[in-house]
Amino acid sequence: MGDSRPNVLLIHCHDLGRYLGCYGEDIETPAIDALAADGAVFDRHFVTAPQCSPSRGSLLTGRYPHVNGLMGLAHGSWELGTDERIMPQYLQEAGYETHLFGLQHVTQDTDRLEYDHVHSEGNLYPGVTPAVHQANRARNVASVVSTFLEKGAYDGPFFASVGFFELHRVEEENGRFGFDAGHYDTDDPDEVRPLPYLPDRRGIRLDLAEMHGMVYALDDAVGTICESLEQAGIADETVVIFTTEHGIAFPRAKGSVYDAGIEAALIVRYPGVADGGRHYDELLSNVDVLPTVLELVGLEVPDAVNGRSFLGLLDDERGGRADGSAGEDGSAGGGDEDGYRPHEHLFAEMTWHDMYDPVRAVRTERYKFIKNFWHLPEVYFTKDIFASEAGREVREDWATPPRAYEELYDLHEDPQEQDNVVREPRYEDVVADLSETLREWMEATDDPLLEGPLPPGDYEEITSWPTDTT
């Protein structure tokens, strides 16, 4: 290729969490498991938000949603700040050719992302609904990527964003949201393993069995792309990153800052750096992915980036591992000349989805502290989950009772976050410490929620009158 810098292939999907064989789930995902066996697997990778656009914005900018401005869905009148830069733009400025395959959901106007080449059938533009994303089914997108690689239709190193529609629910008959069972091969509900944080009820099993079909399609697509990299002879010079934006679309997962909502697969393969199938249990956030990619390709990481590179965790020759916790407010940016600095705290948030749900959270290796800034139901249900079989099983139990303003979970004793111990005397010091840590982070990152309630992205439209003139 005439350039020693690696290609960067970012594969991402909807609503997967860590529901993969290589993460110990009871499902066969041979292609993704093979990618994991050849790469590096991050067992405790979490995202900044349990929803699509805000989390994707963090992945691509390395900044928290309330920092980059994307505090709600892109099709809900929320946008990245005008000065925000994203991963393909950083790489483009360094001479990379940039390509978009499949979906993106960080802006309502795909042109704003300034990819050199857009290969998608369905893209978001003003006036277009997110339903257009359904054109980007995994197997279809993988076929386009495969043709691109086979033809060598690129010059110099390239960055390719490959976005799959799966595992997003779709609206079906009678307003039900399911996993499009007629489009995929599904499993027997009696054979699936129940989710540990939900009751074992028939509707939940039905949804899980349907969801398996989407996982199989996703796995096939990843296999097609990896095989095409090999056939094109560029597998060894391509960084492959596989991830998703939040947990699966079930109650207490998607839309929730409990671990089931913010957990996300992260697999990186790059021979000589991320390989051998090693598993890492350090706490990582998806704001860390951008600075890692920038450092890997030899670019400086801006101070404005909230995440920190974990390249030193992968490559001992770049400094190995070192202790340290400076910069937990996210202002340090990039790597560290003394080596990788593990996170002591991870932060997550939610502000707007289809409803107002202002929440901020901090997670350590052992504890999760959550601050809720509004009168909220015990469990928030996104629209697709509320109208699902799984949602119908539990929404009468959880959609009405009020949620506590503060929550604390001891993740060692209560990994499913069922028992809020915030008022127990033995945790008084933990609550004081983590609540102060969360407040300091919000202050350091200028979180607008500290100033009061935040209106929706379309507030001007809501408050306008038919007789108003422009």
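Structure: above.
The structure presented is a predicted model; accordingly, all values stated were derived computationally and were not measured. (Residues numbered from 1 in each chain as written. Predicted model: local features only at pLDDT ≥ 70, side-chain atom pairs only at ≥ 80, totals over all residues. Heavy atoms only, no water.)

A. Representation of the pairing of strand β13 (residues 346–352) in the model. When you tally the buried positions in β13, you get 7 out of 7 residues, the bulk of the element. As judged from the 6 bridges shared by β13 and strand β14 (residues 356–363), these two strands associate in the antiparallel manner. Considered in β14, the bridge of E349 is made with R360. Following β13, the chain reverses through 3 residues before pairing antiparallel with β14. (Buried < 20%, exposed > 50% of the residue type's maximum accessible area, 1.4 Å probe, protein only. Helix = DSSP H or I, 4+ residues; strand = E, 2+ residues; numbered from the N terminus. Pairing = 2+ DSSP bridges.)

B. Representation of the sheet that holds strand β1 (residues 7–13) in the model. Reading across from one edge, β5-β4-β6-β1-β9-β10-β2-β11 is the order of the 8 strands in this open sheet, with mixed pairing throughout. At either margin of the open sheet sits one strand with a lone partner, and together these are β5 (117–118) and β11 (278–280). Both strand β4 (residues 97–102) and strand β6 (residues 158–163) contribute to a ladder of 6 bridges, which runs parallel. By the bridge assignment for β6, F101 is matched with V162. Here helix α1 (residues 30–38) sits on the sheet and contacts β2 (40–42), β9 (238–244) and β10 (266–269); the angle it forms with β10, its principal contact strand, is near 60°. Together, β1, β6, β9 and β10 form the strand contacts of helix α6 (residues 202–231), whose direction differs from that of β1 by roughly 170°. (Contact = heavy atoms within 4.5 Å. Axes fitted to C-alpha atoms, helices over the stretch in contact; angles between N-to-C directions.)

C. Inspection of the environment of P30 at higher detail. For P30, the position within the fold is in helix α1. Here P30 falls in the exposed class, since its relative accessible area comes to 55%. With 193 residues separating them along the chain, P30 and G223 place their C-alpha atoms 8.3 Å apart.

D. Here's a closer look at the state of the cysteines. Using the criterion set out here, one finds 0 disulfides in the structure. Take C22: it sits in no disulfide, and the sulfur closest to it among the cysteines is that of C13, at 12 Å. Take C22: its relative accessible area is 16%, and that puts it in the buried class. The closest cysteine sulfur to the non-disulfide-bonded C52 is located on C13, 10 Å from its own sulfur. (Disulfide = S-S within 2.5 Å.)

E. Focus on α1. What α1 keeps buried is the set A31, I32, L35 and A36. Seen along its axis, α1 keeps its buried residues to an arc of 140°; they face one direction. Among the structural elements, β2, α6, β9 and β10 are those in contact with the buried residues of α1. (Arc of directions from axis to C-beta.)

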